[in-house]
Amino acid sequence: MATEKTQLLPSGKHDTPPPDIGFAPADEKHEKISMVPFTQLFRFRDNVDVILMILGTFGSIAYGVLTPAQFLLMNSVIDDFVDFAQCLRSNCTNPVDLESSMTDVAWWYIAFAFLNLLFAWMGLGLWGLSAERQVHKMRLAMFRNIIHQEIAWFDTHPSGELGTRLTEDLNKLADGIGSKFGRLIFSFSAFFAGYILGFCYLWKLTLVMMAVLPIVALSGGVLAK
């Protein structure tokens, strides 16, 4: 008795072909691979991912602003000690209450620690969560593309290459559009916030620091290689 075969994969001219996932045959690996535009890195995002990235961006910016702002507390501590020392030398009758001042600073440091923990989690954790969600969709799309290929396609693509694409390459992509992207926003935020605070309090010293900034950047670039 004849049995009817079930077609596992769609075929025919009316079927929509799966999207290209960038695999090149073994004899075409020498060709230059075109770079993906930056905006295409987030093509698998959805509304939830957009919300996570917006909150993560806000957290990274706030985390970067808080980093140089903590030095204002240290500035307050140093001023109190200087005023107290000058008061002792001049035999003043109303010295600075160091105990009360240090208690206030300690409470401020506790508040800064809590805010740093919160914004660091938002800036790094939410970006990482969004990246993992998007990479999961990429893995599904890549796997869906692979199973729709012809049998001859697997003769020109080693099995190890498929596993590398599904694991290592996408893990690197998740790292790049995840926590590292949040760190990048944090670094720029801390950089600009630090210079803004510097110009507000000690603009002359800030100008001197800006004069040596190219040398510091060049040294960092050389050491990073």
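Data block above holds the structure.
What counts and what doesn't
- Residues numbered from 1 in each chain as written.
- Predicted model: local features only at pLDDT ≥ 70, side-chain atom pairs only at ≥ 80, totals over all residues.
- Heavy atoms only, no water.
- Helix = DSSP H or I, 4+ residues; strand = E, 2+ residues; numbered from the N terminus.
- Buried < 20%, exposed > 50% of the residue type's maximum accessible area, 1.4 Å probe, protein only.
- Contact = heavy atoms within 4.5 Å.
- Areas by Shrake-Rupley, 256 points an atom, 1.4 Å probe, with all protein chains shown as cover.
- Patch = residues over 30% accessible without salt bridge, like charges linked within 9 Å, V, L, I, M, F, W, Y side chains within 5 Å.
- Salt bridge = Lys/Arg side-chain N within 4 Å of Asp/Glu carboxyl O.
- Axes fitted to C-alpha atoms, helices over the stretch in contact; angles between N-to-C directions.
- Left-handed = near helix turned anticlockwise from the far one by under 90°.
- Nonpolar A, V, L, I, M, F, W, Y, C, P; charged D, E, K, R; others polar.
- 1 Å grid on protein atoms, 1.4 Å probe; cavity = no way out; pocket = protein on both sides within 12 Å on 5 of 7 lines; lining within 4 Å.
- Points joined across faces, edges and corners; volume = space filled by probe spheres on them.
- Expected span 1.5 Å × (residues − 1).
- Polar contact = N/O pair within 3.5 Å; in protein donor to acceptor, adjacent residues only side chain to side chain.

## A closer look at the overall build of the protein
Within the protein, the secondary structure is distributed over six helices and zero strands. Starting at the N terminus and ending at the C terminus, the protein contains elements arranged as α-α-α-α-α-α. Out of the 225 residues belonging to the protein, those deemed buried represent 26%. A separation threshold of at least 6 residues defines the contact pool for the protein, and within that pool the share at least 24 residues apart is 82%. Just so you have it, the protein exposes about 16200 Å², and 67% of that area is on carbon and sulfur atoms.

## Overview of a nonpolar patch on the surface
A cluster of nonpolar side chains, Leu72, Tyr201, Leu202, Leu205, Val208, Met209, Val212, Ile215 and Val216, forms an exposed patch at the surface whose accessible area comes to about 860 Å². Sorting the residues of the nonpolar patch by element identifies α5 (203-211) and α6 (213-224) as the ones contributing at least two each. The dominant element in the nonpolar patch, judged by the number of residues it contributes, is α5, at three residues. Residue Leu202 is classed as exposed on the basis of its relative accessible area of 53%.

## Structural notes on the packing of helix α2 (residues 98-147) against helix α4 (residues 179-201)
Any two packed helices are characterised by the angle at which their axes cross and by the distance between the axes. Axis separation between α2 and α4 bottoms out at 7 Å; the angle between their running directions is 145°. Like other packed secondary-structure pairs, α2 and α4 cross with a definite hand, here right-handed. Taking contact as the criterion, the partners of Gly123, Leu124, Trp127 and Gly128 in α2 are, on α4, Ser179, Phe181, Gly182, Arg183 and Ile185. Each residue belonging to the contact of α2 with α4 can be placed in one class, and the counts come to four nonpolar, four polar and one charged.

## Focus on the layout of surface pockets
Within this model, the second largest pocket holds a volume of roughly 550 Å³. Around the second largest pocket, the lining comprises 19 residues; the ones closest to its centre are Gly194, Leu197, Gly198, Thr206 and Met209. Every element with two or more residues in the lining of the second largest pocket is listed here: α1 (47-89), α4, α5 and α6. With eight residues, the top contributor of residues to the lining of the second largest pocket is α4.

## Comments concerning α1
Taking 1.5 Å per residue, 43 residues should reach 63 Å; α1 reaches 64 Å between its end C-alpha atoms and fits that length. Its side-chain oxygen 3.2 Å from the backbone nitrogen of Val48, Asp46 forms the N-cap of α1. After α1 finishes, the residue Asn91 shows a positive phi value of roughly 55°.

## Re the side chain of Thr206
Along the chain, the position of Thr206 falls in helix α5. For Thr206, a relative accessible area of 5% puts it in the buried group. Engagement of the side chain of Thr206 in a polar contact is seen with the backbone oxygen of Leu202, the distance being 2.7 Å. For Thr206, the residues in contact, after removing those within four places along its chain, are Tyr195, Gly198 and Phe199.

Honestly, that's just the spatial picture; any functional story needs more than this.
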